[in-house]
Structures are given as structure tokens and as C-alpha cells.
Amino acid sequence: MAAARWYHRDISQVVAEELLAQAGRDGSFLVRDSESVKGAYALCLLFQRHVYTYRILPDDEGLLSVQTIQGIQAKCFHTLPDLIGAYQHPNNGLVTPLLHPVHRPRPEEDSDGEGARGGGHTLPCPGAPPSSRTHIPQQLHQRLQEQVHSSPASDFMGFMAEYLTHHVHDLQALCHGHPQLRHLSTALATACRALHSEIDFTLAGLETLARVFDPPVSPRSPAREQGFPSCDPDLELLLNKISTVNHLLSSLEKKVLKSLQETVTRHNLALPSVAVDPLPAARPLAVQNFEVKVGKSQRAALTVDVESGTVTVTKRGSGSPEEVIPQDKILQLIKYQSVQSKVRLVCARENQKSLSRDFIFPNARKREAFCQLLQLMKIQHSNLDEPEIISVYVGTWNMGSTPPPRSLASWLTSRGLGRTQDETTACIPHDIYVIGTQENSLGDREWVEFLCASLKTLMAIDYRVVALQCLWSIKIVVLVKPEHQRRISHVHTSSVKTGIANTLGNKGAVGVSFLFNGTSFGFVNCHLASGSEKTHRRNQNYSDILHSLALGDKRLGGFDLTLRFTHLFWFGDLNYRLDMDVQDILSHIVKKEFQALLAVDQLNLEREKNKVFLRFSEGDISFPPTYRYERGTRDTYVWQKCKPTGMRINVPSWCDRILWKSHPETHVVCNSYGCTDDIVTSDHSPVFATFEVGVTSQFVPKEAPGSGPEALACIEWESIEVILKTTSRSKCYIEFHSYCLEEVQRSGENTFQNCDIPGFLKLGWSSKHLPVLNPILPDLEYLGDQHLLLSIKGVESCESYGECCLALRSAIGTAAQQFETFLFHRGEETGSVRGWMRVRVPRGRSGTRERLYEWISFEEEDAEPAAEPATRPKPPPQRLRSRPRSLPEPATGYTNPAYFIFEGVPNAWLPAPGEAPKKQAEGPAGGQRCRSPAGPRVPVPSEEEPWCGRPRCGPLSPSRGHPLSPPRAGHHKRPKSAVLTRDALGLGDCSLYAAAQPSQPQQVSPQCRGDRQEPPLRQTHHVLEPPPRPCREAPRPLGKRGALGALDPEAQPPPPADLQPARM
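Conventions and cut-offs
- Residues numbered from 1 in each chain as written.
- Predicted model: local features only at pLDDT ≥ 70, side-chain atom pairs only at ≥ 80, totals over all residues.
- Heavy atoms only, no water.
- Pairing = 2+ DSSP bridges.
- Helix = DSSP H or I, 4+ residues; strand = E, 2+ residues; numbered from the N terminus.
- Contact = heavy atoms within 4.5 Å.
- Axes fitted to C-alpha atoms, helices over the stretch in contact; angles between N-to-C directions.
- Buried < 20%, exposed > 50% of the residue type's maximum accessible area, 1.4 Å probe, protein only.
- Core = buried A, V, L, I, M, F, W, Y, C linked by side-chain atoms within 4.5 Å.
- Phe/Tyr/Trp six-rings, centres within 6.5 Å; stacked < 30°, edge-to-face > 60°.
- Lys NZ or Arg CZ within 6 Å of the ring centre and 35° of its normal.
- Arc of directions from axis to C-beta.
- Polar contact = N/O pair within 3.5 Å; in protein donor to acceptor, adjacent residues only side chain to side chain.
- Salt bridge = Lys/Arg side-chain N within 4 Å of Asp/Glu carboxyl O.

Visitor: What's the story with the sheet that holds strand β2 (residues 41-47) in this structure? I'm lost.
Guide: Two orientations exist for strands paired in a sheet by backbone hydrogen bonds: parallel and antiparallel. A sheet is described by the order of its strands in space; here five strands give the open sequence β4-β3-β2-β1-β5, paired in mixed fashion. Because the sheet does not close on itself, it has two edges, and the strands there are β4 (64-66) and β5 (100-101). When strand β1 (residues 28-33) meets β2, the two strands line up antiparallel, connected through five bridges. Each bridged residue has a counterpart across the sheet, and for Asp33 the counterpart in β2 is Tyr41. In the packing of helix α1 (residues 13-23) onto the sheet, contacts are made with β1, β2 and β3 (50-58), and the angle to β1 comes to roughly 165 degrees.

Visitor: Whenever I open this one, the pairing of β2 confuses me. Can you help?
Guide: A regular strand places its side chains so that they alternate between the two faces of the sheet. Of all seven residues in β2, six are buried, a share of seventy percent or more. The pairing of β2 with β3 spans seven bridges and is classified as antiparallel. Bridge pairing in β3 places Leu45 opposite Tyr52.

Visitor: Explain the nonpolar core here, please?
Guide: A general feature of soluble globular proteins is that nonpolar side chains tend to end up buried together. Counting residues in each nonpolar core, the largest one holds 47 residues, and the members touching the most others are Val392, Ile432, Phe514, Phe521, Phe523, Phe569 and Phe691. Beyond its immediate sequence surroundings of up to four residues, Phe521 is in contact with Ile390, Val392, Val512, Ser513, Phe514, Phe516, Phe565, His567, Phe569, Val693 and Val695. Among the nonpolar cores identified, the runner-up in size contains 35 residues, and Leu724, Leu763, Leu773 and Leu806 belong to it.

Visitor: For this particular structure, what's the right way to read the packing of aromatic side chains?
Guide: Remark: the centre distance and the inter-plane angle together describe each pair of aromatic rings, the angle taken between the planes. Per the stated rule, a full pass over the model turns up 25 aromatic pairs. With a centroid separation of 5.3 Å and an interplanar angle of 40 degrees, the aromatic rings of Trp717 and Phe736 are classed as tilted. Taken as a pair, Trp717 in strand β28 (residues 714-724) and Phe736 in strand β29 (residues 732-737) lie far apart in primary sequence, 19 residues in all. Relative accessible area serves as the criterion here: at 0%, Phe736 is assigned to the buried category. An aromatic cluster of at least three residues, connected via ring pairs, comprises Phe514, Phe521, Phe523, Phe569, Trp660 and Phe691. The ring of Phe822 has Arg615 lying over it, and the distance from NZ or CZ to the ring centre is 3.9 Å. The ring centre of Phe824 lies 4.0 Å from the NZ or CZ of Lys661, which sits over that ring.

Visitor: Whenever I open this one, the environment of Ala689 confuses me. Can you help?
Guide: Tracing the backbone through its elements, the reader meets Ala689 in strand β27 (residues 687-694). The spacing of Ala689 and Thr396 is 293 residues in sequence and 9.1 Å in space, taken between C-alpha atoms. Contacts of Ala689, omitting those with residues within four sequence positions, involve Val392, Tyr393, Val394, Ile658, Ser672 and Tyr673.

Visitor: What is the right way to read the sheet that holds strand β15 (residues 432-438) from this model?
Guide: Pairing is mixed in the open sheet, where seven strands are placed in the order β14-β26-β27-β13-β15-β17-β16. The open sheet is flanked by β14 (417-419) and β16 (464-471), the only strands paired with a single partner. The average undirected angle you get between the axes of adjacent strands in this sheet is 10 degrees. Where β15 lies against strand β17 (residues 474-480), six bridges are found, and the strand directions are antiparallel. Bridge pairing in β17 links Thr437 to Lys475. The strands touched by helix α12 (residues 444-459) within the sheet are β15, β16 and β17, with β17 carrying the most contacts at an inclination of about 40 degrees.

Visitor: Is there a simple way to think about helix α14 (residues 582-590) in this case?
Guide: Residues lying three or four places apart along an α-helix face the same way, a consequence of the helix completing one turn every 3.6 residues. What α14 keeps buried is the set Val582, Ile585, His588 and Ile589. Buried residues along α14 cover an arc of 120 degrees about the axis, so they all sit on one side. Its side-chain oxygen at 3.1 Å from the backbone nitrogen of Gln583, Asp581 defines the N-terminal cap of α14.

Visitor: It is not clear to me how the pattern of salt bridges should be interpreted in this structure. Could you clarify?
Guide: Opposite charge on two side chains makes pairing possible when the charged atoms of those side chains draw close. Following the criterion strictly, the structure yields 29 salt bridges and no others. For Glu323, the salt bridge goes to Arg357, with nearest N and O atoms at 3.0 Å. Of this pair, Glu323 sits in strand β9 (residues 323-326) while Arg357 sits in strand β12 (residues 354-360), placing them 34 residues apart in sequence. Ionic contacts of the salt-bridge type, sharing partners, join the residues Asp601, Arg607, Glu618 and Arg657 into one network.

Visitor: Before we go on, may I ask you to explain α1 in this structure?
Guide: Looking only at α1, the buried set comprises Gln13, Val14, Ala16, Glu17, Leu19 and Leu20. At its buried positions, α1 is contacted by β1, β2, β3, β34 (800-807) and β36 (828-840). In the stretch just after α1, Gly24 is the one whose phi turns positive, near 75 degrees.

This is the structure in C-alpha cells:
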């Protein structure tokens, strides 16, 4: 069955539709593995430019049948080829007979010279002509030849080359139903003949040592027990010997320990008591001093004492401190974005008034060090039982198959080139260390012990090992502080091979996932295909890893790997290169013109095309390329490599990268991203990144269950609209997954459908066909940290067309909130979803509190305030909710290009003729944007950033098939985001609302549009969208809130009416 060319194995639904679209003829078909039922298949059939998918299911006896329309009796078949042959005739329940098989691409058709699914030879059907077999030995010989030059085992490769020449005998036997592969066994036994003598020698020594301590139960060698002569090699005998060696090595230490313990007991020997030294306490942080500028010219010194919890301000020339500020009096820390070295400290005064003071540091690094110390001070003096914020270190290093240097201090303390830690904070220990290596020649235990010893020397902390996962020389180690070990649970590890034929582990990935209290983490360390010309192969490696890596909650196995975790970190030797002449690259490196090089970086280019790492984030690269250095120095790049096949060019490149993706409206900030400049044992430089991550703990409600009448929270939907990139016309339903729900919930079928645009399917659900979801806990503080995972599934195939993640935080309140985000499936962007939802919280459960990471805010530079008399304190500033750079404010309108396909591109979003496209503000983690229809919003004075890290330009082109996120397209201008403020009147309130300013209407800033004055942005409203409430009067003050977004009901627009199905 697997030999048939129309069987495409485990390709995705999107790839299947693309192949059928290329075929373009009615009756074209292919078969792939089912994504919803293990062991089943999916028959994809093209008819009248639409793809119909039928499930092929096995019964209890293994017979296969097609699920077709009702009224057609299902036929059963023993094999898949028999089934396909029967349905090539009409009147079998399909929309059209199976006429034109779509063959999977041959491996040699891949531009990189390897198979589209990772290589591997193709098995023809028994009835296939001999011509289809002749290419197989040639293809395999070519792959083997590529490995011979880089492998020291040339003799072994010779045996394998001989087998490949005659492996057709095994192929013929397999086609006749004999899968024993006798010729392969003979070739392996011959190749491993020399291994027998080595194992016999080692085994004899281990047996002798084992008999000394445990003679009666010492395992015997299978060769001696069975009397096999050592000169007669046999593969099964060799495996038995290896198994015996493995058993002896693993049990020998236990046997020796047991024997010694029995000796002590038998002879009443008193062992001297060994005093166990207590673990060294963490080194107290030294008091740190910072030189700052106050006002226009006044100099001062800031002294931070983390242990005592105070900040002291001393003016230059004054011996005594001007002011000592306790940590509990520091209300807010505001970082200015336009002046990277400036910070504002807001402090409480005894007269209930607050005082804000601005300080300018010598550079941005000093400011960040000051902010980190204050954050650490808040954490140490918070008296919380569980942490709300932790620091995560991620490091990646291709070690080049050489031992590491004695010290890894610069790597583990984030010092070197790029955005690095200041010396005042470099030795602050992180809560979690995740170390990924490639081409690591050290043993597993040796490497872990070396890392733990290095951290103990640097931090005086004995870190605990959470997980170690290895795939050949690819390793990942996760270490945590001892006090966090009890908070780690549900640890999973996995690995994926992407080497030759996806069976060799020289390339691939290892991963670890776990829960830190209530927050899920995933870490993936990978080593992708090398070579400047292997971009497509690297993309395929990424796709294979994404699809095959088994991490996280098994109940979320149907979701894209990037959606299963609150925070996912992906790093390693990605091997993407620079598409530029080597001399030009070297010239830019000398001048430190990194932006010119990043513009031709293959990873950035592929991300712009939406080929890999969709909606991932990466820190700013301000360090030189980390590959390929001359070993022993960091002053010279070695870009020529002599190989038997000729001279190979390895241009300097940023091969080693660290990226991450988080759920929407979560807290994650990248504090450093750089490489070392003093570790020179490899041709790669180690790379590091540090993160500040918000975490949640097990929520304990203030009211015990059963203490009173149960008040339920509810998640209600006004409408949901989905656009899918598919040629299917299937009806769909939505599945809702969340840890805050007792079980998976399901909607009804979509209430309207539109497929007028070729290649796209538009679906809609009204409120009557969407379930009301009841979380297990109704408390606002609990719901504000929860997320919903949505999966759009076909009614007929039960396979997912796309998944997304929505945060409940933005939807809490009495008014419906608008949301929009992208759909993903198997690493591909498959569509978009938008709609209206609200999360209702009972009145008695709306209490909340400020998180530790919410007291730091970001703000643009204002005009210099006028000097005020010293006797008159400044009014308290508006308190801003903390939002990291990766999470800007919600947008005021839709910016998803998928909707332009059906609704057109607003003119206000298009650049003027001859005008350079403008960058867009980056979307929140996960791509979700929410807004409330109540009240106007004020543009936030923040710098413009690329939307999701990738620039877009130009309108959509119908001739290009209306892609959802067209490559290098869609530089659509959108209004700046709204300022979110805090209602100072609410008790324990962290509600968000738009700051109302009657004098400033909502419009595109003129200075961002060149000299042209654009009219205000207009948004076309669909039948699914409740129209915003018109506002002709000055905005009224917003009401009190006791919840996230819980506005007064009278200040909100009426809820929208039920939706009506759209006419086709």
C-alpha cells in the first residue's frame, strides 16, 4: 500500500489541497494519513475547483471502507489499492470517480537534493515497471556518498555501499510479503564482525568484576552459555552481547554498594560519621551605586540595597543622603521608550500624595540594571507564598565536537557582545537555566555535572536537574533553583530525527516541557540542515519537528505545537545563512552594519514569507554573526572549507538563534540577547538570552466551595466569523478547550457559508449556535489568567482546519469585546477568526490585585514639565498597566489581510503614491487583538514597530491568489494603539479602559503619513459586527470597575441582536 505514488503519507491538509490545485483536473485525487483517527486515511478529491475529503476507516477486522453520503452502502476492501481501484468507477457515492492520481514528488525533484518529507527511498508497487526501481540504488548511493567524506567509518560505509547495490533482493522479498530483510541482516553482521572481539574483551572484564561481588547471580555471556564460537558472527548474538554489557554496567554499581553494606553489617564495622556541609546560601547582593542626572544638569547618585529594600538618593557634593525611599513606598516605575536611558520613579508620600522623579542614566544598560534590581527588591520583600515572576535563561551553542573550556562564566552570565547584562546584575542567579547544545561530544552525565558545577561556582547555588534529553550529540538540559523543584510537574521529553531519511540523529531536535505551578513551558533545541542552498530543507526540518515532537498535555495533541504552551522557546543551530557575497558580508561586519546583513538573513526572509516560525518573536540582533570563526580566536572568519568534492563556501551567518512565542496577554520580556567573545573552542560562538516571565499559581478562592450559593461565571459569544484558506466546502464546527473548563465544548454547525472567492471559505456562527461556557471557578483573579484554545473542524472529516488561542482577560466585563487573531495548523497559517465575546463575572467575585510585574510601565517622552515650587507637590500621574514591548495595546480596527479579500482594503490604510510604506505596530503574542465598542480611544505615543516583527507593504493582488498574509505585502497603515489606564478609584482594581480626551479625535497621525493629511480611518461593518455606538457629545467619565473591563452597564451600548445567516 505504502508503495503507491498517490499515497502521500502524513502531509497536511493544506499541502494536499495545493497539490490538487496544481493538478487542476476534475477527478484528481490523492490519499494521506488522517489527522483525526490514528490508522485511518483521508481521500482528497478535486471537483469543480473544490476539494472534497472522505475518511477511509478500518473496521475491527482491518477492512477498509469509505465514509460517503448516506444511502450508499459502504464497501469493504482488504487493501488500499483495491479500494482506490474500485472507486475509479462511477456511482460509488463520491462526487466524481477517481480519475487522475496525483503522485508525490520524487526525492530528486527537491531543490535541495533531499526528499520533501525528509528523504527516504520510494517503494514501488509489485506491479510497477522495472524503470521505477532503477533510480532507487542510484539515489541511495548518492546520499551515502555525501556522508562518506564526513564519516571516519569508511570501511563500514563500504559494506553499506555493497548492500545498496544488491538491496533490490530485499525489495523483491518485501513486495512478495516477506519483510525479514535477510540481506540487510547479513550485511550488518559482516560489518559488525570486528565489534565482537571488542565486546568479548570488555564483557569478560565486567563479568570478572561482577563475580567478585555477586558470584551466584552474575549474568553470563550468551556466547559462552550457548557455545557459539566467536569467529561465527551473528547479528542476534551481537545484540545479546550488547544487552548483557548494558545490564552489567547499569547494575554493577548497585551490586558493589550492596556488597559493601553487607560487609559493614556482618563485621560490625563502625563507619566514621561524615559531617555533611550545608548547601552554601545564595550570595547576598552587594549594594549597587548608579550615577544619574536629575533635571537638566544636577548630578546625583542612586544607591540600591536589595537586602534592606531601600533606594537612596544622594546629590553630588552632598555627603548626607537627600532621601531614603523604602521599597513599599515605590508605587510605579516608568521606562521611557524614546529616551532609552531615562526612568521615572513614582513614590508615595505621607500626606497621601505621590511624587514622581525622573532620572537619566549614562546608558540604557545601566537603566535596565537599575530596573532589574528594583524588580528583584520587590520580589524579595513581597512575602508571597508563590512567585508571580521568574527569570529564565536560554543558551545555545554548537560545540564543534570539541570539549568546552574550563570556564563558561561569560556564557552563563550573559556577558559579551550584543544586548548583554550589566556587571551589576550579571551574577544575579536565574530561576531556570535551559542549555541547548549541538555537536556535543561529552557524555550525558559528564555534561550535566559540568554545568551544575559551573553554576555552583558562579552563583553559589546547587541547581537541580529537571530534565535531560539527548539525540546523538544534540542535548538539552533544564536546571532550576532548589526552592522551585516542588513547583515543577508534568515533565515531558521528546526527540525528532531529521537526518538522512529522517532516521539519523545527526540533525533533528530535542524538547522538554513542564508546568511551573499553573504556567506551561516548552523548550525546543534543534540542529537543522546545513549549507547555504538548503533553505527549503531547513524549512522542512522545522515542519517535521513541529509535527512530530510529542510535548505538552496529550489532550492538546491535536493542536499546533506552538499553541500548547503558555511560553514556547525555540533555539539551536538553525543554520540559516546570509544571501550575500562573502566579501560584502565581511565589509559590513567590520563597519558593524548589521541591519544590512539582517535584510538578507535567510531566517528573516523565510519568516516574512510565512514559511517558518509564524508569529514568533526574536530579540534585536546587535552582535556579529556567530558562525564560522577560526577556532582559537574571534578575530577571523574562516569562510572556505576544503572538501573532497571541492571548495565549499560557508559565509559568516547568524546560525545560532533564540526565538519564542507566548499566549496573548501574558508577560514575557527579553532582557538580553547576545553572544560571548571569549569562548573560542568551536567555530560557533555561544548565544544567550534572558527573559522575565510572569507565572501563575494554583488559585485558591477566598470563598470555600459550598459555603454559599454557587455563582457562575460565563463566557458568551455574540458571533464568530472564520476565513479559511481552503478549497473545501465542508460544514464546520468549533471545539473549545481550556484548563478552566471541565470538558471540551463544541458548537453547532456554521450558520452561513461563502466560497465566492477562489481558494477561500468564509464561515459564520450566530450566538444561537455557540455554547455558553461556564468556567470551573468564577473569580476574576483566576479568569484573568486563563486562555481558550479554539479548533475549527470539518463536520465530515473531523480534521482541524486551524487553531488559535484567545485570552479571557480582555473580554471580562458587561460589554461584548471584539477579537481577531490568526489560525494555525501544523506550522502553517490557514486562516483568521474574529468575533465578539464577553466574560461575565459575579459581583462578589470581581476582586483582584496588582501583579508584581505590573508596576513597571512604558511611556513615550513627554514635553519637559514646567518647574513647580518645591512646596507644591506634583499631582499623581496616571498609572499605566505594565505591558511588555512584545504586547502592545489592542488595536482600534481590523488589520488582518485575510478580511481584505472579502471586504476590500480601506483607503486610509494604503500608502500614498510614491510614498514608502510605513511599519506597523507589532501584534500581541499569539496575534490576538481585542477592543471594546464603548468610547473613543486615544493614540498611544509609542514608536512604530513592524507588525509581528515583519514589514508589510502594498495592497493585495488578486493575481497572487489572495494569500492570507502575503509575503512582503500589506504594509497597511493602522492607527496607533490606545492608552490603557488604571482606575484609581476601584478597590483592588486592575481594570483597563481607554483614556478619553474630547479634544483629540481618533485618526491617523499626520506626521506618520508624510505631508498628506488623511481622513479618519473608516472600518467597514459586516453583519456579524455590532456597530459602534455613535458619540456626538463629549465622552462621559468612565464608571467604576471592580473587574477587568467591568464597566457600568448604563455606560455600555446595548448588546447586538442575534445574527442572521448571510445569503449565498
